[in-house]
Amino acid sequence: ETARIGVTGLAVMGRNLARNLARHGHPVAVHNRTAARTKALVEEFGDEGTFLPAETAEQFVASLERPRRLVVMVKAGAPTDAVIDEFAPLLEPGDMIVDGGNAHFADTRRREAALRERGIHFVGTGISGGEEGALHGPSIMPGGSAESYEALGPLLEDIAANVDGTPCCTHVGPDGAGHFVKMVHNGIEYSDMQLIAESYDLLRHAAGLAPAEIAEVFRTWNTGRLESYLIEITAEVLAHTDAATGRPFVDVVLDQAEQKGTGRWTVQTALDLGVPVGGIAEAVFARSVSGHAGLREASRNLPGPSRSAVAGSGFADKVEKALYASKIVAYAQGFHEIQAGSAEYGWNIDAGAMATIWRGGCIIRARFLDRIRAAYEADPSTPTLLTDDHFAEALGDAQDAWRDVVATAARIGVPAPGFSTALAYYDSLRADRLPAALTQGQRDFFGAHTYRRVDRDGSFHTLWGGDRTEVSA
Ligand code: NDP
């Protein structure tokens, strides 16, 4: 018997992906560096479908039907290269290696190019949804050759999440496109989480609500336009009571957020591409600030207002508007990065299709994504989501409340970097004139960097150290 597909790397993600495949009736070869994991999988879940366990790489490869489809689910980085080096010599032209780990897209581009020389398709694939998603249907973002997607697409679409009959999986584009989109997805996730955290903080300190009351607010929001997995779990976490102390769970957790790196990559890549993603950057920095315990301790007695509850009734509605508006900005920034990456690397990514495959399976799944899909359907080449009819109207409707929330946060000393930067981005884009003109003047003064004029073509320099006449540069 041969397997239709194989999975090597059977930690939480690989194991659940293999089970998902088997449950859908696809015979799956399974392999892991440490054979005990392979054995445990078959012992525990062997009755869920057809598993073909392999102890060695040779056995594993021999058990796959051709062209071979080999999914690698190991720790990202050097382990992925080690596994590729182990398997590639055993493969033949036309075979496919699918890397489902959280690889950096630049690594994926490098690996794809090297394997393409040997006729092997390398399919860098973003998989979102954590271990539950891997088992019950993740959002899958495969990059690679169109030919490889013909052989892999049906299998991947079969095990992906499904929303309204549409699988949350599509061919993203060549080489690193899939991992790039997965990276930006994670960056947006950081931003979404930060905005929710700021909403909680303001409801707590500006409106004086208790965690259980705030949980109710989030439950209500989850029945409206903010309906999403993250809002839903926020209510669950806020309503939870610590068994040991009887206190709200959120009050006994150390307030230092950790990160694994994909948010940071999103910002680093945005800097390289020259794309402003302040919402994502502030979310990454907010986690960073929280983790600097010594810095925070040293600064604790700096002067500032006490966090008195000043907000009147109706504040929660204002926060909802600030959250929705800031979320629109975060997604607009993330999609800008996707479009810039697509242009830089020639990927031809369909932005609306990305919104479509994020509607289910992944952490940022939300009703909202249907709106983004619709916006790109209406205008596939729009430079920004902000000007889409629906989003522009929502921003217009939200802006008074949004400004009020940011002002309140500043007045009572509650940090709201996500809300603030989103509003600043919005106001920057709508401004007639930006002070960048002054910046250009300064640059010309100290470095003769030249400037352009509003009324004439060309580059100019003013003789600042001399008689201040203007010369053509
Ligand atoms: P881990 O990232 O913890 O990786 C453990 C697996 O990697 C084990 O199977 C381990 O084998 C194998 N491995 C490590 N080093 C080597 C090596 N040098 N050679 C061969 N195999 C090696 O597993 P996860 O299941 O958490 O994640 C797998 C991938 O999926 C990662 O890239 C991760 O970033 C990504 N991912 C994870 C998500 C999650 O929620 N956990 C969500 C989405 C993606 P052994 O048993 O022998 O040690």
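Residues numbered from 1 in each chain as written. Predicted model: local features only at pLDDT ≥ 70, side-chain atom pairs only at ≥ 80, totals over all residues. Heavy atoms only, no water.

A.B. asks: Explain the packing of aromatic side chains to me, please; I cannot follow it from the model alone.
C.D. replies: Note on aromatic pairs: each is described by the distance of the centres and the angle between the planes. Applying the stated criterion across every chain, the model contains 15 aromatic pairs. Note on F335 and Y376: the rings are 5.5 Å apart at their centroids and 40° apart in plane angle, and the pair reads as tilted. Of this pair, F335 sits in helix α15 (residues 315–345) while Y376 sits in helix α17 (residues 368–378), placing them 41 residues apart in sequence. Seen from their ring centres, W402 and Y426 are 5.3 Å apart, and the 45° between their planes marks the pair as tilted. With W402 in helix α18 (residues 389–412) and Y426 in helix α19 (residues 417–430), this residue pair connects regions lying 24 residues apart in the sequence. Its relative accessible area of 12% is what places Y426 among the buried residues. Its guanidinium or amino end placed over the ring of F45, R19 lies 3.6 Å from that ring's centre, counting from NZ or CZ. A cation over an aromatic ring shows up here: R287 above the ring of Y190, its NZ or CZ 3.7 Å from the ring centre. (Phe/Tyr/Trp six-rings, centres within 6.5 Å; stacked < 30°, edge-to-face > 60°. Helix = DSSP H or I, 4+ residues; strand = E, 2+ residues; numbered from the N terminus. Buried < 20%, exposed > 50% of the residue type's maximum accessible area, 1.4 Å probe, protein only. Lys NZ or Arg CZ within 6 Å of the ring centre and 35° of its normal.)

A.B. asks: Mind showing me how you'd approach the sheet that holds strand β11 (residues 459–462) here?
C.D. replies: Whether parallel or antiparallel, the strands of a sheet pair through hydrogen bonds between backbone atoms. Ordered by their spatial adjacency, 3 strands build an open sheet running β10-β11-β12, and the pairing between neighbours is antiparallel. The sheet is open, and its two borders are formed by β10 (451–452) and β12 (470–472), each paired with just one other strand. (Pairing = 2+ DSSP bridges.)

A.B. asks: What's the story with the packing of helix α9 (residues 211–221) against helix α10 (residues 229–239) in this structure? I'm lost.
C.D. replies: For the pair α9 and α10, interaxial distance at closest approach is 8 Å and the crossing angle is 160°. Put simply, α9 runs roughly antiparallel to α10. For the element pair α9 and α10, the recorded crossing hand is left-handed. Together, P211, A212, I214, A215, F218, R219 and W221 of α9 and I231, T234, A235, L238 and A239 of α10 make up the contact between the two elements. (Axes fitted to C-alpha atoms, helices over the stretch in contact; angles between N-to-C directions. Parallel < 35°, antiparallel > 145°, perpendicular 65-115°, else oblique. Left-handed = near helix turned anticlockwise from the far one by under 90°. Contact = heavy atoms within 4.5 Å.)

A.B. asks: Whenever I open this one, the site of the ligand confuses me. Can you help?
C.D. replies: Around the ligand lies a shell of 19 residues, among which M13, N32, R33, T34 and R37 are the nearest. In the environment of the ligand, an oxygen atom lies 2.7 Å from a nitrogen or oxygen atom belonging to the side chain of N32. Within the backbone of N102, a nitrogen or oxygen atom sits 3.1 Å from an oxygen atom of the ligand. Notes on the ligand: free accessible area 900 Å², of which the protein chains cover 78%. Of all the elements in the fold, those that place two or more residues in the shell around the ligand are α1 (12–23) and α4 (78–87). Considered class by class, the residues forming the shell around the ligand number 10 nonpolar, 6 polar and 3 charged. (Near = heavy atom within 4 Å. Polar contact = N/O pair within 3.5 Å; in protein donor to acceptor, adjacent residues only side chain to side chain. Areas by Shrake-Rupley, 256 points an atom, 1.4 Å probe, with all protein chains shown as cover. Nonpolar A, V, L, I, M, F, W, Y, C, P; charged D, E, K, R; others polar.)

A.B. asks: Is there a simple way to explain the packing of helix α8 (residues 177–205) against α19 in this structure?
C.D. replies: For any two helices packed against each other, one specifies the crossing angle of their axes together with the interaxial distance. At a minimum axis distance of 8 Å, the contact between α8 and α19 shows a crossing angle of 115°. On α19, the residues that touch Q194, L195, E198, S199 and L202 of α8 are P417, G418 and F419. Here the contact of α8 with α19 is composed, by residue class, of 4 nonpolar, 3 polar and 1 charged.

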